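Observations on the three-dimensional arrangement
One-letter residues, chain by chain:
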Amino acid sequence: MWRAQRRHGREGPPPLTEAATPQPALAVEHLSKAFDGRIVVNDVSFSLEPGEIVGLVGLNGAGKTTTINMILGVLAPSSGSVTIAGLDLADHREAALGVVNFSAVYAPLPGNLTVAQNLRIFGMIYDVPNLTDRIGEMIDMFDLARYRDTRCGLLSSGEQTRVSLAKALLNKPRLLLLDEPTASIDPSTADTIRGHIRDYAAREKGAVLWTSHNMYEVAAVCTRMMLLSRGRILIEGDPRTLPTEHGAASLEDLFIGLSREPDERASS
Amino acid sequence: MKMRRIGAIVLRQIYLLRGSPTRVLPLFAWIAIDVMLWGFITRYLNAIASPGFDFVPAMLGAVLLWDFLSRVMQGVTMAFFEDVWSRNFLGIFASPLSRAEYVSGLVLTGIGTSLVGLAVMIALASSAFGLSFLSYGPAIIPALLVLFLFGIALGVAGSAMVLRLGPAAEWLIWPLPAVLSPFASVFYPISTLPVWMQPISLALPPSYVFESLRAITNGGHANYTDLTFALTLSLGYLVAAAAFFAHVYRVCVRTGLIARYSAESVS
Ligand SMILES: Nc1ncnc2c1ncn2[C@@H]1O[C@H](COP(=O)(O)OP(=O)(O)OP(=O)(O)O)[C@@H](O)[C@H]1O
Ligand SMILES: [Mg+2]
């Protein structure tokens, strides 16, 4: 992948410190989306470095899913750009999406295929090498051996989420998008899953963009978080230090305080 | 284009067919019923009409070839509907699978399933009613090819319509072949149609196929110039259908319909 991208930036000798300054896994620049004149995502810019887990939080309707849909290429931005591992999404859709994957409650895997069948089909679509081994690894990681030959539609919602996460890690994505991944998971499994995602980011240097309404979770997993309000990023920083920096007792208080008066804050 | 990605779409359909008699049965059941119905009708017509004219290739053959076209179209749309039914658009369209790879997968699936139908049709019609497609001579090859290509074009265009209009549009596109059949000169020459209908007929590639096959059963020859024209025309429709699909897809990505398909329509 690195080699393929270098074709685009061939001027001059390669920088000596390339390892020290890796390409961002995701760069979003001035991204906006309006539906029928109503602005839902408003001039959002941010980037994710490899290995980073970044939380994207905000009220219902703040524009989180819309942002993720634009990064996944299923929604065209009104303006702005998305660059994944150095590849512009608009110009290199297939190559860019090859190093991305995602999991979302509203996008379960087809319920009429078994866990193993779904993983095989998506593994082929993502062109995963040594697919059979990789499927085995994922089934072990998410404790799915028992359900290997069960149709996904029969699984509990938490089990379906695990299958969806297994699919999301199949291709060892450089960028992983998780839209409320633990929304229907019991606390113990949620904890295990958070562990897997953290391991993944650390080991494979994958960047993770994680939306959640659980502030405890955001503080526990994310190295950085962004608060989205009415389509704008209001604040950004380390979830552990942000509350004190803004004079709030907890992340939850900060969230509530900031999302209630977005216009005031944005104009200050 | 990666063969492995196209293969994934085909494999998905194989998995689904393997576990589902509801999907396997329609591949040949309706064809088998048509063979029977039209087989007996032609047998009866042969009995009451003046001897010398054989209704079997003229009518049974025509019905079955038209069925074949419908099967090709439905093979393509069926594979597409699987993604509609299982709400899989996000998984499919947010992946590195390109539109061309996806549509190629649907088309390959359609070819596979319709060949099953064709085989059953030939076996049944020849054993029970003595119909042989070979009696048409070598013209059957371009004829089948035209019906193939036009069926695929219909399937791709139908899928695009369902993508744009929502799942309920399935009902709009199933009967598409039936809507076209009066114009396609399946049973009667184009000249039978009133003058205002004839241009529509001339714009449909299958018309040329059935005109030629009719000429053969009447003791004449296939018109290879017409068949070549029909082939070119079918290819043109196929390219247009692919362009239509691409256009609809772009509209859906702009409006957000891909991500919100259950809404059926977003501006
Ligand atoms: N295709 C669309 N057409 C019109 N409006 C849309 C479309 N998609 C999203 N919206 C609107 O955009 C706004 C942002 O929606 P989005 O799904 O991004 O919110 P969210 O931050 O993910 O919220 P939640 O936390 O509830 O998941 C909502 O008000 C929604 O109604
Ligand atoms: Mg959302």
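I will try to describe carefully the structure that is included in this document. (Residues numbered from 1 in each chain as written. Chains lettered and ligands numbered in written order. Predicted model: local features only at pLDDT ≥ 70, side-chain atom pairs only at ≥ 80, totals over all residues. Heavy atoms only, no water.)

**Side note on the packing of helix α2 (residues 21-48) of chain B against helix α3 (residues 55-85) of chain B**
All names here are of chain B. Here α2 crosses α3 at 165°, and the two axes come no closer than 10 Å. With respect to each other, α2 and α3 are oriented roughly antiparallel. The way α2 lies across α3 gives a crossing that is right-handed. Between α2 and α3, the contacting residues are Arg23, Pro26, Leu27, Trp30, Ile31, Asp34, Val35, Trp38, Gly39, Thr42, Leu45 and Asn46 on the first element and Phe55, Val56, Met59, Leu60, Val63, Leu64, Asp67, Arg71, Met78 and Glu82 on the second. Grouping the amino acids of the contact of α2 with α3 by side-chain chemistry returns 14 nonpolar, three polar and five charged. (Axes fitted to C-alpha atoms, helices over the stretch in contact; angles between N-to-C directions. Helix = DSSP H or I, 4+ residues; strand = E, 2+ residues; numbered from the N terminus. Parallel < 35°, antiparallel > 145°, perpendicular 65-115°, else oblique. Left-handed = near helix turned anticlockwise from the far one by under 90°. Contact = heavy atoms within 4.5 Å. Nonpolar A, V, L, I, M, F, W, Y, C, P; charged D, E, K, R; others polar.)

**Some remarks on the pattern of salt bridges**
Residue and element names in this part refer to chain B. Tallied over the entire structure, the rule returns 14 salt bridges over all chains. Residue Arg5 is joined to Glu101 by a salt bridge in which the shortest nitrogen-to-oxygen separation is 3.6 Å. Taken together, the residues Arg5 in helix α1 (residues 3-18) and Glu101 in helix α5 (residues 99-129) connect sequence positions 96 residues apart. For the pair formed by Arg5 and Glu101, the shared burial category is buried. Here Glu211 ties to Arg214 by a salt bridge, and the two come within 2.8 Å at their closest N and O atoms. (Salt bridge = Lys/Arg side-chain N within 4 Å of Asp/Glu carboxyl O. Buried < 20%, exposed > 50% of the residue type's maximum accessible area, 1.4 Å probe, protein only.)

**Overview of the site of ligand 1**
Taken together, 15 residues surround ligand 1, and among them Arg38, Gly61, Lys64, Thr65 and Thr66 of chain A come closest. Those chains with residues close to ligand 1 are chains A and B. For ligand 1, an oxygen atom lies 3.2 Å from a polar atom in the backbone of Ala62 of chain A. At a separation of 2.9 Å, an oxygen atom of ligand 1 approaches a polar side-chain atom of His213 of chain A. For ligand 1, the protein covers 75% of the area, taking 640 Å² as the surface of the free molecule. Of all the secondary structure elements, the ones that give two or more residues to the shell around ligand 1 are β2 (38-48) and α2 (64-71) of chain A. In terms of residue count, the dominant contributor to the shell around ligand 1 is α2 of chain A (three residues). (Near = heavy atom within 4 Å. Polar contact = N/O pair within 3.5 Å; in protein donor to acceptor, adjacent residues only side chain to side chain. Areas by Shrake-Rupley, 256 points an atom, 1.4 Å probe, with all protein chains shown as cover.)

**A look at the pairing of strand β9 (residues 224-229) of chain A**
Residues and elements named next belong to chain A. Burial within β9 is extensive, with six of its six residues counted as buried. Alternating residues of β9 divide into Arg224, Met226 and Leu228 and Met225, Leu227 and Ser229, and every residue in both groups is buried. Strand direction decides the pairing type here: strand β3 (residues 53-57) and β9, joined by four bridges, are parallel. When the sheet's bridge partners are listed, Val54 is paired in β9 with Arg224. (Pairing = 2+ DSSP bridges.)

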